[in-house]
Amino acid sequence: MKVKNICCIGAGYVGGPTMAVIAQKCPQIKVTVVDLNENRIAAWNHLDVNKIPIYEPNLSEIVAEARGRNLFFSTEVEKAIEEAEMIFISVNTPTKTYGVGKGMAADLKYIELCARQIARVAKNDKIVVEKSTLPVRTARAIKDILDNNGNGVQFQILSNPEFLAEGTAIQDLISPDRVLIGGDSTSEGQNAIQQLVAIYANWVPNDKILTTNVWSSELSKLTANAFLAQRVSSINAMSELCEKTGADVKEVAKAIGLDSRIGPKFLNASVGFGGSCFQKDILNLVYIAKSYGLNQVAEYWEQVVIMNDHQKHRFSKNIIKTLYDTVSGKKIAFLGWAFKKDTNDTRESAAIYVADDLLCEQAIISVFDPKVGLEQIQFDLNYLETRTESKNIEAVELANNPYEACNNAHAIAVLTEWDEFKTYDWQKIYDSMLKPAFVFDGRNLLEREVLEKIGFVYQAIGS
Ligand code: UDX
Ligand code: UDX
């Protein structure tokens, strides 16, 4: 069997870009991305490719090239499953908000629904690929459901975790550090692995395609995210110590990063990591460790999340303390709402939690983000259920540009490291603000000397 038809369930941040790149690199394969969310599919099919639902540098160009040729977006889930020889599952696996494992375990209900739907619809043998990040041994559950389909169809389950980072997703997909594929050791399993290897081999060098057993692959994804998040929490822990001792966290990061064993990447102190993966995956790891009675392992990793929460609250507390212990009725400008630059994704963004703390102190917040709109900001705040929706509407506004956001503000909080923030006319911003004018730089992004020369009171994380 040679794969000619791929279906991907879930047209989100992972499914959309991944399938766009597979379609671009494999014009001989028909790729259909399906989703239950009709609006999302309609947006992926928007005539103007700049209106597709996800912003990623170079994504719209790839969609423009492949869409309608061999890349399709559809709500006809069953038809796409039936036609495909290989099915990727890219649905979301949020942290459970109810029952056993609430607040910790991954909610696998969407994964199970997908498995049941595939089992019901499939009429011929299929390879099912787990793309979503899943707890170790989820493949077992999927296999149980699929194998009990009652229509004699054979399934092979592969784990092929995604390592793309938002903002650089296309780059990460086109030249990955590695592609990881886990499968069964049986000859059928090995054959399924080779089918997926053959797809990636269209553009990824063979020595970067790593094959393992399913469980190693599932656990490697959680481990990679845990290690990355741990680096951020480690440098953030040092940032607090730097502020007390007169050390500068940027200098410390540079000094340790030159050690080739440590390396220079992922050492930027910040107001805290966000995004849909880090916290969710670590909590999931903690839950798994606890469920095996490995309490020390669980506590070790949980500390990474505890440190991250501390960093976010520490940032807002410092703003309140510095503004003479009250922000009530004061306008605070937020530069950035996305969880990192070059994305419109706001899931778990530190900005949400900092805003929530300041709103509890009755501040007025004016946000400018190059890619995030007011509806999303209100959604994020309402989701916390700290106050009524009308209170959030009253206290949070979206500015059309940074100058409007900062006009008459007491302070600026930099929450996302968008490059364009560095290019603003900071003198003009200073002139329009109430004095003393404060900048709280949660990303170590701006030039201290330039701002202090203008007259700003400038504070950066870790110095
Ligand atoms: C998700 C998970 O968050 C992540 O853990 C995993 O590694 C990959 O999948 P992401 O693509 O960012 O990441 O999620 P999201 O943007 O929420 O997209 C998931 C899509 O699946 C949504 O569009 C949702 O409508 C769709 N979906 C969900 C279905 O089509 N069917 C379902 O049963 C459930
Ligand atoms: C992450 C992983 O990098 C990726 O491999 C996985 O597939 C999904 O999760 P993502 O969440 O998109 O990707 O972005 P990432 O670049 O890892 O950043 C996560 C958060 O950490 C962001 O809020 C970012 O601002 C923060 N961060 C990152 C820091 O605060 N400091 C750093 O040095 C690096």
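Residues numbered from 1 in each chain as written. Chains lettered and ligands numbered in written order. Predicted model: local features only at pLDDT ≥ 70, side-chain atom pairs only at ≥ 80, totals over all residues. Heavy atoms only, no water.

> I'd like a description of the nonpolar core, backed by residues and values.
In this structure, Phe334, Trp337, Ile412, Trp426 and Phe456 are the most contacted members of the largest nonpolar core, which totals 62 residues. A total of 7 residues in this core trace back to one element, the largest contributor, which is helix α13 (residues 350–360). Excluding anything up to four places from it in sequence, tryptophan 426 contacts Leu335, Ile412, Phe421, Leu446, Leu451, Ile454 and Phe456. In terms of nonpolar packing, the next biggest core, distinct from the first, is built from 45 residues, Ile22, Leu59, Ile181 and Ile193 among them. (Core = buried A, V, L, I, M, F, W, Y, C linked by side-chain atoms within 4.5 Å. Buried < 20%, exposed > 50% of the residue type's maximum accessible area, 1.4 Å probe, protein only. Helix = DSSP H or I, 4+ residues; strand = E, 2+ residues; numbered from the N terminus. Contact = heavy atoms within 4.5 Å.)

> Which residues make up the site of ligand 2, and what values go with them?
The immediate surroundings of ligand 2 are formed by 20 residues, with Phe163, Glu166, Ser270, Lys340 and Arg443 found nearest. Leucine 267 places a main-chain nitrogen or oxygen 3.3 Å from an oxygen atom of ligand 2. Relative to its unbound accessible area of 660 Å², ligand 2 is 91% covered by the protein chains. Among the residues making up the shell around ligand 2, the classes are represented as 11 nonpolar, 4 polar and 5 charged. (Near = heavy atom within 4 Å. Polar contact = N/O pair within 3.5 Å; in protein donor to acceptor, adjacent residues only side chain to side chain. Areas by Shrake-Rupley, 256 points an atom, 1.4 Å probe, with all protein chains shown as cover. Nonpolar A, V, L, I, M, F, W, Y, C, P; charged D, E, K, R; others polar.)

> An account of the site of ligand 1 is needed here, citing residue identities and associated values.
Lining the immediate environment of ligand 1, one finds 19 residues, of which Val14, Asp35, Arg40, Lys280 and Arg347 sit closest. At 2.5 Å from an oxygen atom of ligand 1 is found a side-chain nitrogen or oxygen belonging to aspartate 35. Leucine 36 places a main-chain nitrogen or oxygen 3.1 Å from an oxygen atom of ligand 1.

> Any chance you could break down the environment of isoleucine 320 for me, citing the residues and the numbers?
By the element assignment, isoleucine 320 lies in helix α12 (residues 295–322). Overall, isoleucine 320 belongs to the buried group, its relative accessible area being 14%. Along the backbone, isoleucine 320 and alanine 399 are 79 residues apart, and their C-alpha atoms lie at a distance of 22 Å. With residues up to four places along the chain from it excluded, the contact list for isoleucine 320 reads Asp325, Thr326, Val327, Leu358 and Glu361.

> Describe the packing of helix α6 (residues 138–147) against helix α9 (residues 214–245), naming the residues involved and giving the relevant values.
Where α6 contacts α9, the axes come no closer than 9 Å and their chain directions differ by 130 degrees. One finds that α6 runs oblique with respect to α9. On the side of α6, the interface is formed by Thr138, Ala139 and Arg140, while α9 contributes Val214, Trp215 and Glu218. The class makeup of the residues in the contact of α6 with α9 is 3 nonpolar, 1 polar and 2 charged. (Axes fitted to C-alpha atoms, helices over the stretch in contact; angles between N-to-C directions. Parallel < 35°, antiparallel > 145°, perpendicular 65-115°, else oblique.)

> Explain the sheet that holds strand β10 (residues 364–368) to me, using residue names and the numbers behind them.
Pairing is parallel in the open sheet, where 6 strands are placed in the order β11-β10-β9-β12-β13-β14. Each end of this open sheet is capped by a strand with a single partner; those strands are β11 (396–398) and β14 (457–460). Taking the axes of each pair of neighbouring strands and ignoring which way they run, one obtains an average angle of 20 degrees across the sheet. Note that strand β12 (residues 411–414) and strand β13 (residues 438–441) share 4 bridges and pair parallel. Counted as the bridge partner of alanine 413 is phenylalanine 440 from β13. Sitting on the sheet, α12 is in contact with β9 (331–335), β12, β13 and β14, with an inclination near 165 degrees to β13. In the packing of helix α14 (residues 374–384) onto the sheet, contacts are made with β10 and β11, and the angle to β11 comes to roughly 155 degrees. (Pairing = 2+ DSSP bridges.)

> So what's going on with the packing of α13 against α14? Residues and values would help.
One way to put it is that α13 packs onto α14 with a least axis distance of 10 Å and a crossing angle of 65 degrees. Of the possible angle classes, the one that applies to α13 and α14 is roughly perpendicular. The handedness of the crossing between α13 and α14 is right-handed. In this structure, α13 uses Ile352, Tyr353, Ala355, Asp356 and Leu359 to contact α14, whose residues at the interface are Asp380, Leu381 and Leu384. Taken together, the residues that form the contact of α13 with α14 break down as 6 nonpolar, no polar and 2 charged. (Left-handed = near helix turned anticlockwise from the far one by under 90°.)

> Requested: an account of unusual backbone geometry, with residues and values cited.
Following lysine 435, the chain continues to proline 436 via a peptide bond in cis, the omega torsion being -5 degrees. Here proline 436 is to be found in the loop between α17 (426–432) and β13. Residues other than glycine seldom take positive phi values, yet asparagine 58 does so here, at roughly 75 degrees. When you line up the elements, asparagine 58 lands in the loop between α2 (38–44) and α3 (59–66).

> Account for the pairing of strand β6 (residues 155–159), with residues named and values stated.
Among the 5 residues in β6, 5 count as buried, and that is most of the element. Sheet analysis places strand β5 (residues 126–130) next to β6, joined by 5 bridges and oriented parallel. Within the sheet, the bridge partner assigned to glutamate 130 lies in β6 and is serine 159.

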